[in-house]
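# Residue-level structure breakdown
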Amino acid sequence: MAILLLGLVKLQPLKRDLVSIWFPVNLIFVGMIGSSFYALQHVGVAMVTVWKNVSNFVTAVCDVTIYKKSYSTQVWATLFLMLLSAMVGAYTDINFTWSGYSWQIANCGFTSAYALYLRSVMDKVSEHTTNKQKMDEFSMVYYNNLLSIPPILCLIFFFGEHKTLLAQPALQNPMFLCVALVGGLIGFGISFSALWFLSQTTATIYSLVGALNKIPVAIIGILVFRDPTSPQNLASILIGLGAGILFTYAKSRGK
(Lines give C-alpha, C1' and ligand atoms only; values in the text may rest on other atoms or scores of the structure.)
Protein backbone atom coordinates (compact mmCIF):
# COMPACT_ATOMS: atom_id res chain seq x y z
CA MET A 1 0.00 0.00 0.00
CA ALA A 2 2.87 2.36 0.82
CA ILE A 3 4.48 1.92 -2.60
CA LEU A 4 1.11 2.67 -4.21
CA LEU A 5 0.75 5.91 -2.23
CA LEU A 6 4.28 6.94 -3.18
CA GLY A 7 3.51 6.34 -6.84
CA LEU A 8 6.26 3.77 -7.25
CA VAL A 9 3.87 1.17 -8.66
CA LYS A 10 0.87 1.65 -10.93
CA LEU A 11 -1.63 -1.20 -10.91
CA GLN A 12 -4.06 -2.17 -13.62
CA PRO A 13 -7.56 -1.04 -12.53
CA LEU A 14 -10.24 -3.66 -11.93
CA LYS A 15 -12.00 -4.12 -15.26
CA ARG A 16 -14.79 -6.55 -16.06
CA ASP A 17 -13.00 -8.04 -19.07
CA LEU A 18 -9.76 -8.53 -17.13
CA VAL A 19 -11.60 -10.03 -14.16
CA SER A 20 -13.47 -12.46 -16.43
CA ILE A 21 -10.16 -13.68 -17.87
CA TRP A 22 -8.28 -13.81 -14.58
CA PHE A 23 -10.96 -15.20 -12.23
CA PRO A 24 -10.62 -18.85 -13.43
CA VAL A 25 -6.95 -18.59 -12.44
CA ASN A 26 -8.04 -17.75 -8.91
CA LEU A 27 -10.49 -20.66 -8.73
CA ILE A 28 -7.69 -23.04 -9.73
CA PHE A 29 -5.32 -21.31 -7.28
CA VAL A 30 -7.73 -21.74 -4.36
CA GLY A 31 -8.28 -25.38 -5.35
CA MET A 32 -4.53 -25.92 -5.42
CA ILE A 33 -4.01 -24.40 -1.96
CA GLY A 34 -7.05 -26.09 -0.42
CA SER A 35 -6.27 -29.57 -1.74
CA SER A 36 -2.70 -29.19 -0.47
CA PHE A 37 -3.94 -28.47 3.06
CA TYR A 38 -6.29 -31.46 3.01
CA ALA A 39 -3.54 -33.72 1.67
CA LEU A 40 -1.23 -32.64 4.50
CA GLN A 41 -3.81 -33.85 7.03
CA HIS A 42 -3.24 -37.44 5.90
CA VAL A 43 0.13 -37.50 4.12
CA GLY A 44 3.52 -36.57 5.58
CA VAL A 45 5.29 -33.41 4.49
CA ALA A 46 8.08 -35.36 2.81
CA MET A 47 5.74 -37.47 0.70
CA VAL A 48 3.54 -34.51 -0.24
CA THR A 49 6.54 -32.63 -1.59
CA VAL A 50 7.97 -35.63 -3.42
CA TRP A 51 4.63 -36.77 -4.88
CA LYS A 52 3.87 -33.31 -6.22
CA ASN A 53 6.44 -34.09 -8.90
CA VAL A 54 3.70 -35.98 -10.74
CA SER A 55 2.28 -32.60 -11.69
CA ASN A 56 5.49 -31.86 -13.61
CA PHE A 57 4.91 -34.83 -15.90
CA VAL A 58 1.29 -33.82 -16.51
CA THR A 59 2.36 -30.24 -17.18
CA ALA A 60 5.00 -31.34 -19.68
CA VAL A 61 2.58 -33.53 -21.63
CA CYS A 62 0.02 -30.70 -21.77
CA ASP A 63 2.75 -28.18 -22.63
CA VAL A 64 3.73 -30.26 -25.66
CA THR A 65 0.14 -31.01 -26.65
CA ILE A 66 -1.38 -27.55 -26.16
CA TYR A 67 1.50 -25.13 -26.70
CA LYS A 68 3.50 -27.30 -29.14
CA LYS A 69 6.65 -27.03 -27.03
CA SER A 70 9.50 -29.49 -27.42
CA TYR A 71 11.99 -30.75 -24.84
CA SER A 72 15.21 -32.69 -25.07
CA THR A 73 15.67 -36.34 -24.16
CA GLN A 74 17.48 -35.28 -20.98
CA VAL A 75 14.51 -33.20 -19.80
CA TRP A 76 12.14 -36.11 -20.44
CA ALA A 77 14.50 -38.38 -18.53
CA THR A 78 14.26 -35.90 -15.66
CA LEU A 79 10.48 -36.05 -15.78
CA PHE A 80 10.40 -39.84 -15.75
CA LEU A 81 12.82 -39.93 -12.83
CA MET A 82 10.56 -37.56 -10.91
CA LEU A 83 7.54 -39.70 -11.77
CA LEU A 84 9.38 -42.82 -10.62
CA SER A 85 10.39 -41.07 -7.40
CA ALA A 86 6.76 -40.20 -6.65
CA MET A 87 5.47 -43.69 -7.41
CA VAL A 88 8.13 -45.41 -5.31
CA GLY A 89 7.44 -42.98 -2.49
CA ALA A 90 3.71 -43.70 -2.53
CA TYR A 91 4.25 -47.46 -2.74
CA THR A 92 6.59 -47.47 0.25
CA ASP A 93 4.69 -44.92 2.35
CA ILE A 94 4.09 -46.49 5.77
CA ASN A 95 1.10 -44.19 6.41
CA PHE A 96 -0.52 -44.62 2.97
CA THR A 97 -4.23 -43.70 2.89
CA TRP A 98 -6.47 -43.44 -0.16
CA SER A 99 -8.06 -40.29 1.27
CA GLY A 100 -4.75 -38.49 1.59
CA TYR A 101 -3.45 -39.50 -1.82
CA SER A 102 -6.78 -38.67 -3.46
CA TRP A 103 -6.36 -35.12 -2.23
CA GLN A 104 -2.76 -35.23 -3.41
CA ILE A 105 -3.81 -36.36 -6.89
CA ALA A 106 -6.33 -33.52 -6.98
CA ASN A 107 -3.57 -31.13 -5.92
CA CYS A 108 -1.36 -32.34 -8.78
CA GLY A 109 -4.18 -31.66 -11.21
CA PHE A 110 -4.79 -28.17 -9.85
CA THR A 111 -1.05 -27.42 -9.85
CA SER A 112 -0.66 -28.41 -13.50
CA ALA A 113 -3.82 -26.54 -14.51
CA TYR A 114 -2.61 -23.43 -12.67
CA ALA A 115 0.77 -23.37 -14.42
CA LEU A 116 -0.73 -24.06 -17.85
CA TYR A 117 -3.76 -21.78 -17.68
CA LEU A 118 -1.88 -18.91 -16.05
CA ARG A 119 0.67 -19.02 -18.86
CA SER A 120 -2.09 -18.72 -21.47
CA VAL A 121 -3.81 -15.92 -19.53
CA MET A 122 -0.58 -13.93 -19.49
CA ASP A 123 -0.64 -13.97 -23.29
CA LYS A 124 -4.30 -12.82 -23.45
CA VAL A 125 -4.44 -9.98 -20.94
CA SER A 126 -2.38 -7.61 -23.11
CA GLU A 127 -5.46 -7.16 -25.29
CA HIS A 128 -7.43 -5.79 -22.33
CA THR A 129 -4.92 -3.76 -20.30
CA THR A 130 -5.01 0.02 -20.36
CA ASN A 131 -1.63 0.28 -22.12
CA LYS A 132 -2.21 -2.77 -24.37
CA GLN A 133 0.87 -4.45 -22.95
CA LYS A 134 1.39 -7.51 -20.76
CA MET A 135 0.25 -7.10 -17.18
CA ASP A 136 3.15 -6.30 -14.87
CA GLU A 137 4.03 -8.54 -11.93
CA PHE A 138 2.57 -6.22 -9.27
CA SER A 139 -0.77 -6.10 -11.09
CA MET A 140 -0.79 -9.89 -11.44
CA VAL A 141 -0.17 -10.32 -7.71
CA TYR A 142 -2.90 -7.73 -7.03
CA TYR A 143 -5.46 -9.55 -9.19
CA ASN A 144 -4.39 -13.00 -7.99
CA ASN A 145 -4.79 -12.19 -4.30
CA LEU A 146 -7.82 -9.88 -4.45
CA LEU A 147 -9.91 -12.20 -6.62
CA SER A 148 -9.03 -15.19 -4.42
CA ILE A 149 -10.94 -13.68 -1.49
CA PRO A 150 -14.51 -14.47 -2.71
CA PRO A 151 -13.93 -18.23 -3.31
CA ILE A 152 -12.03 -18.52 -0.01
CA LEU A 153 -14.94 -16.86 1.84
CA CYS A 154 -17.32 -19.30 0.13
CA LEU A 155 -15.23 -22.23 1.38
CA ILE A 156 -15.18 -20.77 4.91
CA PHE A 157 -18.98 -20.58 4.98
CA PHE A 158 -19.39 -23.95 3.26
CA PHE A 159 -17.34 -25.76 5.90
CA GLY A 160 -18.86 -23.72 8.75
CA GLU A 161 -15.54 -22.23 9.83
CA HIS A 162 -17.04 -18.73 10.06
CA LYS A 163 -18.77 -19.72 13.30
CA THR A 164 -15.50 -20.28 15.17
CA LEU A 165 -13.07 -18.10 13.22
CA LEU A 166 -13.04 -15.09 15.56
CA ALA A 167 -12.97 -17.34 18.64
CA GLN A 168 -9.67 -18.97 17.68
CA PRO A 169 -7.18 -18.60 20.61
CA ALA A 170 -4.33 -18.03 18.16
CA LEU A 171 -5.81 -14.64 17.21
CA GLN A 172 -5.09 -13.44 20.76
CA ASN A 173 -1.45 -14.55 20.59
CA PRO A 174 0.90 -11.68 19.58
CA MET A 175 3.56 -14.15 18.41
CA PHE A 176 1.09 -15.84 16.08
CA LEU A 177 0.05 -12.47 14.65
CA CYS A 178 3.71 -11.53 14.05
CA VAL A 179 4.41 -14.85 12.36
CA ALA A 180 1.24 -14.44 10.26
CA LEU A 181 2.40 -10.99 9.18
CA VAL A 182 5.84 -12.28 8.22
CA GLY A 183 4.18 -15.17 6.38
CA GLY A 184 2.07 -12.69 4.41
CA LEU A 185 5.15 -10.71 3.39
CA ILE A 186 6.95 -13.89 2.35
CA GLY A 187 3.84 -14.99 0.46
CA PHE A 188 3.88 -11.71 -1.47
CA GLY A 189 7.51 -12.31 -2.39
CA ILE A 190 6.73 -15.86 -3.52
CA SER A 191 3.75 -14.73 -5.61
CA PHE A 192 5.71 -11.89 -7.23
CA SER A 193 8.77 -14.01 -8.07
CA ALA A 194 6.69 -16.97 -9.27
CA LEU A 195 4.54 -14.84 -11.59
CA TRP A 196 7.61 -13.07 -12.97
CA PHE A 197 9.40 -16.36 -13.58
CA LEU A 198 6.38 -17.94 -15.28
CA SER A 199 6.06 -14.90 -17.56
CA GLN A 200 9.66 -15.47 -18.71
CA THR A 201 9.58 -19.23 -19.36
CA THR A 202 7.32 -22.20 -20.11
CA ALA A 203 4.94 -23.89 -17.69
CA THR A 204 7.04 -27.06 -17.62
CA ILE A 205 10.30 -25.30 -16.75
CA TYR A 206 8.43 -23.32 -14.10
CA SER A 207 7.15 -26.56 -12.55
CA LEU A 208 10.51 -28.31 -12.75
CA VAL A 209 12.45 -25.49 -11.12
CA GLY A 210 9.80 -25.35 -8.41
CA ALA A 211 10.36 -29.06 -7.88
CA LEU A 212 14.01 -28.49 -6.98
CA ASN A 213 13.04 -26.87 -3.68
CA LYS A 214 10.87 -29.86 -2.79
CA ILE A 215 13.90 -32.02 -2.04
CA PRO A 216 15.21 -30.04 0.95
CA VAL A 217 11.62 -29.52 2.12
CA ALA A 218 11.08 -33.29 2.07
CA ILE A 219 14.27 -33.92 4.06
CA ILE A 220 13.44 -31.19 6.58
CA GLY A 221 9.91 -32.60 6.87
CA ILE A 222 11.29 -35.99 7.89
CA LEU A 223 13.71 -34.50 10.43
CA VAL A 224 11.45 -31.84 11.96
CA PHE A 225 8.06 -33.57 11.92
CA ARG A 226 9.57 -37.02 12.52
CA ASP A 227 7.41 -38.65 9.85
CA PRO A 228 7.91 -42.43 9.90
CA THR A 229 9.94 -43.51 6.90
CA SER A 230 11.88 -46.42 5.49
CA PRO A 231 14.98 -46.93 3.34
CA GLN A 232 12.71 -47.20 0.30
CA ASN A 233 11.12 -43.85 1.15
CA LEU A 234 14.53 -42.25 1.44
CA ALA A 235 15.49 -43.84 -1.88
CA SER A 236 12.56 -42.12 -3.56
CA ILE A 237 13.81 -38.76 -2.25
CA LEU A 238 17.28 -39.49 -3.60
CA ILE A 239 15.77 -40.34 -7.00
CA GLY A 240 14.05 -36.96 -6.98
CA LEU A 241 17.33 -35.26 -6.08
CA GLY A 242 19.04 -37.07 -8.96
CA ALA A 243 16.30 -35.86 -11.29
CA GLY A 244 16.94 -32.28 -10.18
CA ILE A 245 20.65 -32.65 -10.86
CA LEU A 246 19.95 -34.14 -14.29
CA PHE A 247 17.59 -31.29 -15.11
CA THR A 248 20.22 -28.68 -14.20
CA TYR A 249 22.76 -30.49 -16.38
CA ALA A 250 20.32 -30.76 -19.30
CA LYS A 251 19.47 -27.06 -19.13
CA SER A 252 23.14 -26.01 -18.95
CA ARG A 253 23.90 -28.05 -22.10
CA GLY A 254 20.96 -26.44 -23.89
CA LYS A 255 22.32 -22.92 -23.46
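Refer to the structure above for everything that follows.
Residue numbers run consecutively from 1 along every chain, following the written order of its sequence. For a predicted model such as this one, the threshold for reporting local features is a pLDDT of at least 70, and the threshold for listing and counting side-chain atom pairs is 80 or more; totals across whole chains, interfaces and linings nevertheless cover every residue. Processing note: side-chain calculations cover all non-hydrogen atoms of the structure and skip hydrogens and water entirely.

### Considerations on the packing of helix 4 (residues 54–67) against helix 5 (residues 73–91)
Note the following rule: The angle between two axes is taken between their N-to-C directions and runs from 0 to 180 degrees, where each axis is a line fitted to C-alpha atoms and a helix contributes only its stretch in contact. Only runs of H or I of at least four residues qualify as helices and only runs of E of at least two qualify as strands under DSSP, and these elements are numbered from the N terminus. Crossings are classed by handedness, with left-handed meaning an anticlockwise turn of the near helix from the far one by less than a right angle and right-handed meaning a clockwise turn. Contacts are residue-level and defined by heavy atoms, with any inter-residue pair within 4.5 Å sufficient. Three residue categories are used. Nonpolar comprises Ala, Val, Leu, Ile, Met, Phe, Trp, Tyr, Cys and Pro, charged comprises Asp, Glu, Lys and Arg, and polar comprises the others, including Gly.
Helix 5 packs onto helix 4 with a crossing angle of 145 degrees between their chain directions and a minimal axis gap of 8 Å. Handedness of the crossing formed by helix 4 with helix 5: left-handed. On helix 5, the residues touching Val-54, Asn-56, Phe-57, Ala-60, Val-61 and Val-64 of helix 4 are Trp-76, Leu-79, Phe-80, Met-82, Leu-83 and Ala-86. Looking at the contact of helix 4 with helix 5 residue by residue, the class counts come to 11 nonpolar, one polar and no charged.

### What to know about the nonpolar core
Put simply, the rule is: Nine residue types can take part in a nonpolar core, namely buried Ala, Val, Leu, Ile, Met, Phe, Trp, Tyr and Cys, and a core is a set of them joined through side-chain atoms within 4.5 Å. Relative accessibility thresholds used throughout: buried, under 20% of the residue-type maximum; exposed, over 50%; partly exposed, between the two (1.4 Å probe, protein chains only).
The biggest cluster of nonpolar side chains holds 18 residues, and the ones touching the most others in it are Trp-22, Tyr-114, Leu-118, Val-125, Met-135 and Leu-195. Residue assignment for this core shows that the elements contributing at least two residues are helix 2 (16–40), helix 6 (98–124) and helix 7 (137–146). With seven residues, helix 2 is the largest single contributor of residues to this core. With nine residues, the next largest nonpolar core counts Met-47, Val-48, Val-54 and Ala-90 among its residues.

### Here's the deal with a nonpolar patch on the surface
Just so we agree on the cut-off: Patch construction takes residues with relative accessible area above 30% that form no salt bridge. Like charges are linked within 9 Å, and nonpolar side chains (Val, Leu, Ile, Met, Phe, Trp, Tyr) are linked within 5 Å. Computed with the Shrake-Rupley method and a 1.4 Å probe, the accessible areas treat only the protein chains shown as cover for residues. We define a salt bridge as a side-chain nitrogen of Lys or Arg found within 4 Å of a carboxyl oxygen belonging to Asp or Glu.
A cluster of nonpolar side chains, namely Leu-14, Leu-146, Ile-149, Leu-153 and Phe-157, defines an oily patch on the protein surface of about 450 Å² accessible area. For the nonpolar patch, the leading source of residues is helix 8 (residues 149–158), giving three residues. Residue Leu-146 is classed as partly exposed on the basis of its relative accessible area of 32%.

### Overview of the packing of aromatic side chains
This is how the line gets drawn: Only Phe, Tyr and Trp rings take part, Trp by its six-membered ring, and two of them pair if their centres are within 6.5 Å. Stacked means planes under 30 degrees apart, edge-to-face means over 60, and tilted covers everything else.
Taken as a whole and assessed by the stated rule, the structure comprises five aromatic pairs. Consider the rings of Phe-29 and Tyr-114, whose centres lie 5.6 Å apart with planes at 45 degrees: the pair is tilted. Highlighted residues: Phe-29 in helix 2 and Tyr-114 in helix 6, separated in sequence by 85 residues. Residue classification places Tyr-114 among the buried positions, given a relative accessible area of 7%. Between the aromatic rings of Tyr-38 and Trp-103, the centroid separation amounts to 4.7 Å while the plane-to-plane angle is 20 degrees, which identifies the pairing as stacked. Taken together, the residues span a long stretch of sequence, with Tyr-38 in helix 2 and Trp-103 in helix 6 at a distance of 65 residues. For Tyr-38, a relative accessible area of 23% puts it in the partly exposed group. Note on Trp-103: relative accessible area 35%, which makes it partly exposed. An aromatic cluster is present here, built from Trp-22, Tyr-142 and Tyr-143 joined pairwise through their rings.

Note that all results are geometric; they support no functional claim without further evidence.
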